Amino acid sequence: MITRRLRLLACVIFLGAILTGPALSADDHSRARTLFTLCTACHGQKAEGNPALMAPSLAGMPAWYTSRQIEKFNAGLRGNHPKDVHGMQMRSMARLLTTSNDIAAVAAFLEDMKPRAGKREVRGDPDAGKTAYITCMACHGPNAEGNPLTGGPPLRHLEDWYFMAQIKKYQQGIRYADPVRDPQGATMAAIAPLLQDDQMVKDIITYIRTIPVPVPPETK
């Protein structure tokens, strides 16, 4: 039993190292800053996002998630529906990042940026949202912190408008994923219809706002 637990722990540590990745070197940081200028027209100079362009904030998003999404755009797994105009625009821009090193560098650069607090635009019932969030917990974590092992991104810093827009895309089949090539997206496409209406989504968003952000322990 102990041996089995040790093997499991080693596996988790190994996967965590892969998903987190090494810190950026000075050269990588410089290259990433240059590459990031490709993103600023839509996502802003500080990656704060722009709802007028339907461009979400990217600051502070974990590198494992951002890099995976760029790869999906490049592979045609996102931005491939004719009704997803903004997704198609992002797909064309993502293709400018031509190597895995460039993708990893930009993703790490964005992760190091301070998350931007988006404008709160919806109001719901946090108690109802807490109950509804049970549907999301397995993939996105009990505190909406995200889960790299399931591919569920953190939901804490998502803007209200972007949260709701993506749910609608999944519900309408505009953002659908190949279950073989994109199992995470396919899972979300199956879960989204369980959110019965806009009010339920607003309730979940409101509940997520009430979850306290853990404070890292002080280092001596």
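The model shown is predicted, which means the values in this text are computed figures rather than measured ones.

Asker: Can you tell me about the confidence of the model for the protein, naming the residues and giving the values?
Answerer: Summary statistics for the protein give a mean pLDDT of 87 and a share of 86% for residues scoring 70 or more. Segment residues 1-21: pLDDT under 50, and five contacts once partners within four positions in sequence are set aside and those in other chains are kept.

Asker: Before we move on, could you go through the nonpolar core and cite the residues and values that matter?
Answerer: In globular proteins that are soluble, nonpolar side chains generally tend to be buried together. With 23 residues, the main nonpolar core has Tyr133, Leu155, Phe163, Val201, Ile204 and Ile208 as its most contacted residues. For this core, the element with the most residues is helix α9 (residues 160-171), which contributes six residues. Discounting chain neighbours no more than four positions away, the residues touching Leu155 are Tyr133, His140, Ala144, Phe163 and Ile208.

Asker: How would you sum up the side chain of Thr66? Please name residues and give values.
Answerer: Note on placement: Thr66 falls in helix α4 (residues 63-75). What makes Thr66 buried here is its relative accessible area of 7%. Setting aside anything within four residues of it in sequence, one finds Thr66 in contact with Met61, Ala107 and Leu110.

Asker: Got a sec to walk through helix α10 (residues 183-191)? Specific residues and values, please.
Answerer: Of the residues making up α10, those classed as buried are Gly185, Ala186, Met188 and Ala189. Here the buried residues of α10 occupy an arc of 160 degrees about the axis, which is enough to place them on one side. Buried-residue contacts for α10 involve α4, α8 (134-140) and α9.

Asker: Just give me the short version of the packing of aromatic side chains, but keep the residues and values in it.
Answerer: Evaluated as defined, the whole model comprises four aromatic pairs. Pairing Phe36 with Phe109 gives two aromatic rings, centres 5.6 Å apart and planes at 50 degrees, and the pair type is tilted. Highlighted residues: Phe36 in helix α2 (residues 26-36) and Phe109 in helix α6 (residues 100-111), separated in sequence by 73 residues. You'll find Phe36 and Phe109 in the same group, each marked buried. Seen from their ring centres, Trp64 and Tyr65 are 5.9 Å apart, and the 85 degrees between their planes marks the pair as edge-to-face. Like Trp64, the residue Tyr65 is buried in the burial classification.

Asker: Could you give me a rundown of the state of the cysteines, with the residues and numbers involved?
Answerer: Tallying each qualifying case throughout the model produces zero disulfides. Free cysteine Cys39: the closest other cysteine sulfur is in Cys42, separated by 9.0 Å. Residue classification places Cys39 among the buried residues on the basis of a relative accessible area of 17%. Of the residues examined, Cys42 reaches a relative accessible area of 34% and is grouped as partly exposed.

Asker: Quick one: what's the story with helix α11 (residues 198-210), residue by residue and with numbers?
Answerer: Compared with an ideal rise of 1.5 Å per residue, which puts 13 residues at 18 Å, α11 spans 19 Å between its outermost C-alpha atoms and is within 8% of the ideal. Along α11, the residues classified as buried are Val201, Asp203, Ile204, Ile205, Thr206, Tyr207 and Ile208. Considering only its buried residues, α11 is in contact with α7 (126-132), α8 and α9. For α11, the N-terminal cap is Asp197; the gap from its side-chain oxygen to the backbone nitrogen of Gln199 is 3.2 Å.

Asker: Break down the pattern of salt bridges for me, with residues and values.
Answerer: Pairing between side chains becomes possible if they bear opposite charge and their charged atoms approach one another. Enumeration according to the criterion identifies six salt bridges in this entry. We note a salt bridge from Asp102 to Arg31, for which the minimum N-O separation is 2.9 Å. On the criterion of sequence distance, the pair formed by Asp102 in helix α6 and Arg31 in helix α2 is long-range, its members being 71 residues apart. Accessibility expressed as a relative area gives 13% for Asp102, which makes it buried. For Arg31, a relative accessible area of 28% translates into the label partly exposed. One salt-bridge network, in which partners are shared between bridges, spans Arg120, Asp160 and Arg209.

Asker: Which residues make up the packing of α4 against α6, and what values go with them?
Answerer: Close contact between α4 and α6 brings their axes to 8 Å; oriented N to C, the two are set at 140 degrees. The angle between α4 and α6 falls in the class oblique. The way α4 lies across α6 gives a crossing that is right-handed. For the pair α4 and α6, contact is made by Ala63, Thr66, Ser67, Ile70, Glu71 and Asn74 and by Ile103, Ala107, Ala108, Leu110 and Glu111, respectively. For the contact of α4 with α6, the class distribution of residues is six nonpolar, three polar and two charged.

So, how was this worked out
Residues numbered from 1 in each chain as written. Predicted model: local features only at pLDDT ≥ 70, side-chain atom pairs only at ≥ 80, totals over all residues. Heavy atoms only, no water. pLDDT = per-residue confidence, 0-100. Contact = heavy atoms within 4.5 Å. Core = buried A, V, L, I, M, F, W, Y, C linked by side-chain atoms within 4.5 Å. Buried < 20%, exposed > 50% of the residue type's maximum accessible area, 1.4 Å probe, protein only. Helix = DSSP H or I, 4+ residues; strand = E, 2+ residues; numbered from the N terminus. Arc of directions from axis to C-beta. Phe/Tyr/Trp six-rings, centres within 6.5 Å; stacked < 30°, edge-to-face > 60°. Disulfide = S-S within 2.5 Å. Expected span 1.5 Å × (residues − 1). Polar contact = N/O pair within 3.5 Å; in protein donor to acceptor, adjacent residues only side chain to side chain. Salt bridge = Lys/Arg side-chain N within 4 Å of Asp/Glu carboxyl O. Axes fitted to C-alpha atoms, helices over the stretch in contact; angles between N-to-C directions. Parallel < 35°, antiparallel > 145°, perpendicular 65-115°, else oblique. Left-handed = near helix turned anticlockwise from the far one by under 90°. Nonpolar A, V, L, I, M, F, W, Y, C, P; charged D, E, K, R; others polar.

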